[in-house]
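Chains, contacts and geometry: an overview
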Amino acid sequence: MHYIILTPDGVGSTILQRLLTMALHIEGVDVTNTHELTSGLLFDNGIVVKDSSVSYAQSLSEIEKIVRASDPKTQIVSRVAKYHLNNRKDTEKDKRSFYKFLNHYYGKKIKCVRQNIFEYAMSWSIRDKSNVLNVYTQHDRQKVSAVKEVDEEYFLIKCKEYVEYERWIEVNFPDTQIMAYEDLLTDGDKVIADLTGYQDTFKTHFGISLDSILKREYDFLRGSKHRLTREEQKGLILYKQYGNEMKDQKIITSSMPMKNTTLADKKEQIKNFDNCLAKFYKFAKEHNWIDQSKATYDFWNKKNVD
């Protein structure tokens, strides 16, 4: 079965697709990860893989042909981000045909969401200033931490884009499985098991659960006083090594990203945090499906920040 991950970006799609690919690979499944489908593909030994140098040069019909021609014995994990399709400027007819292909070809369609849309827009606003899309190193974390103020107009644009993403999914992908970013980072073992059918993949292979891996990574990156046990140290090292090996084998395009900032981090760091929060509340009133009560809830630390 092939997996397609649908996203506005900034909702865990990068870490999800790589964790999903890693879990399948650990379980002995032949798998390839194309990352973003609409920004460049090529064949490598009969398998579709990523080729970022192509960018948007391939038409949607060409992309479909490449994916269809890939060895059917190898499962494909792909992502389609709405903002890439916005940037490509394809015709509506071509996009409808492409969506039909995605719905038919990919057996599992995953809609990535954020329960806290305020934090989603805030994360994107910090990205805009730091130019760091995902954190892979301590240097990335330092660049993110250096941002002290965000563009409030840009923040509202990201709120609006999230609403547009929800409509895009509703119209074009009626049969999706929802994956919340907050669930992935706090109950990742269950999320991956629900998607793949395999239980305790990370615990069995690395000696610690996926939840522990993600938490201890964040602690390490933030210089936490939490001391890793020998079991945690070994598990983290094995996890990192496995990810790098998959990258070297071109199964994934880059290393595994790490948790960036919590809502508490953002509140402490961004001086116009409260201004953005007020703008969010006003915006959310126009869309009664948005749960405003979650705007100040820090899911990582399990408490409100106000």
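Here we summarise the structure given alongside this text. No experiment lies behind these values; they were computed from the predicted model shown. (Residues numbered from 1 in each chain as written. Predicted model: local features only at pLDDT ≥ 70, side-chain atom pairs only at ≥ 80, totals over all residues. Heavy atoms only, no water.)

**What to know about the nonpolar core**
Operational definition: Grouping buried Ala, Val, Leu, Ile, Met, Phe, Trp, Tyr and Cys residues that are joined through side-chain atoms within 4.5 Å yields what is termed a nonpolar core. When a residue's accessible area, from a 1.4 Å probe over protein chains only, is under 20% of the maximum for its type it is buried; when over 50% it is exposed; and in between it is partly exposed. We count a stretch as a helix when DSSP gives it H or I for four or more residues in a row; a strand needs E for two or more, and each element gets its number in order from the N terminus. Working rule for contacts: check all heavy atoms of both residues, and any pair within 4.5 Å makes them a contact.
Leu37, Leu102, Phe118, Phe202 and Tyr239 are the most contacted members of the largest nonpolar core, which totals 94 residues. Counting residues per element, this core draws most heavily on helix α7 (residues 152-172), which supplies 9 residues. Apart from residues lying up to four places away in sequence, Phe202 is in contact with Leu19, Met22, Ala23, Asp189, Ile192, Gly207, Ile208, Ser209, Leu210, Ile213 and Tyr239.

**Focus: helix α4 (residues 92-105)**
Note the threshold: How far a helix is expected to stretch is found by multiplying one less than its residue total by 1.5 Å. The arc in question is the one traced by the directions running from the helix axis out to the C-beta atoms.
In a regular helix each residue adds 1.5 Å, so 14 residues correspond to 20 Å; α4 covers 20 Å between its end C-alpha atoms and thus fits that length. Of the residues making up α4, those classed as buried are Lys95, Phe98, Tyr99, Phe101, Leu102 and Tyr105. Here the buried residues of α4 occupy an arc of 160 degrees about the axis, which is enough to place them on one side. Residues Lys93, Arg96, Lys100 and His104 are exposed on α4 and point more than 90 degrees away from its buried face. The secondary structure elements touched by the buried residues of α4 are β1 (3-7), α2 (60-69), β5 (75-81), α3 (82-88), β6 (108-113) and α7.

**Some thoughts on the environment of Met256**
Along the chain, Met256 turns up in the loop between α12 (230-248) and α13 (263-269). Residues contacting Met256, with those up to four places away along its chain left out, are Ile15, Arg18, Leu19, Met22, Tyr136, Tyr239, Lys240 and Gly243.

**Some remarks on the pattern of salt bridges**
Put simply, the test is: The salt bridge definition used is simple: a Lys or Arg side-chain nitrogen within 4 Å of an Asp or Glu carboxyl oxygen.
This structure, assessed with the given rule, holds 17 salt bridges. A salt bridge links Asp194 to Lys190; its shortest N-O distance comes to 2.9 Å. Of the two residues, Asp194 and Lys190 are both situated in helix α9 (residues 188-196); the distance of 4 residues between them amounts to about one turn of the helix. Residues joined in a network through salt bridges with shared partners are Asp9, Glu36, Arg79 and Arg127.

**Quick notes on the sheet that holds β1**
To keep it simple, the criterion reads: When DSSP finds two or more bridges between two strands, those strands count as paired. Interaxial angles span 0 to 180 degrees and are taken between N-to-C directions of axes, which are lines fitted to C-alpha atoms, for helices over the stretch in contact.
In spatial order, the strands read β2-β5-β1-β6-β7; together these 5 strands make up an open sheet with parallel pairing. A single partner strand is all that each edge strand has here, and the edge strands are β2 (31-36) and β7 (177-180). Averaged over all adjacent pairs, the angle separating strand axes in this sheet is 20 degrees, with direction ignored. For β2 and β5, the ladder comprises 5 bridges, and the chain directions are parallel. Across the sheet, the residue bridging to Val31 is Gln75, located in β5. Contacting β1, β5 and β6, α7 crosses the sheet at an angle of about 160 degrees to β6.

**Description of the side chain of Asp9**
Assignment of secondary structure puts Asp9 in the loop between β1 and α1 (13-26). With relative accessibility at 4%, the residue Asp9 sits in the buried group. Non-local contacts of Asp9, meaning those with residues more than four positions away in its chain, are made with Thr14, Arg79, Tyr83, Tyr120, Trp124 and Arg127.

**As for the packing of aromatic side chains**
Just so we agree on the cut-off: A pair of aromatic rings is counted whenever rings of Phe, Tyr or Trp (Trp by its six-membered ring) have centres within 6.5 Å, and the orientation is called stacked for planes under 30 degrees apart, edge-to-face for over 60 and tilted otherwise. Here, a charge over a ring means that NZ of Lys or CZ of Arg falls within 6 Å of the ring centre while also lying within 35 degrees of the ring normal.
Per the stated rule, a full pass over the model turns up 21 aromatic pairs. With a centroid separation of 5.9 Å and an interplanar angle of 90 degrees, the aromatic rings of Phe206 and Tyr239 are classed as edge-to-face. Residue Phe206 is found in helix α10 (residues 201-206), and its partner Tyr239 is found in helix α12; the two are separated by 33 residues along the sequence. Owing to a relative accessible area of 4%, Phe206 belongs among the buried residues under this scheme. Members of the aromatic cluster, each reached through a chain of ring pairs, are Tyr99, Tyr120, Tyr162, Tyr165, Trp168 and Phe173. Sitting above the plane of the Tyr181 ring, Arg114 keeps its charged end 4.0 Å from the centroid. If you follow Arg127 out to its NZ or CZ, it ends over the ring of Trp124, 4.7 Å from the centre.

**Description of the pairing of β5**
Within β5, 7 of the 7 residues are buried, which leaves it mostly tucked inside the rest of the structure. Side chains Gln75, Val77, Arg79 and Ala81 of β5 all project onto a buried face; the interleaved residues Ile76, Ser78 and Val80 project onto the opposite face, where all are buried too.

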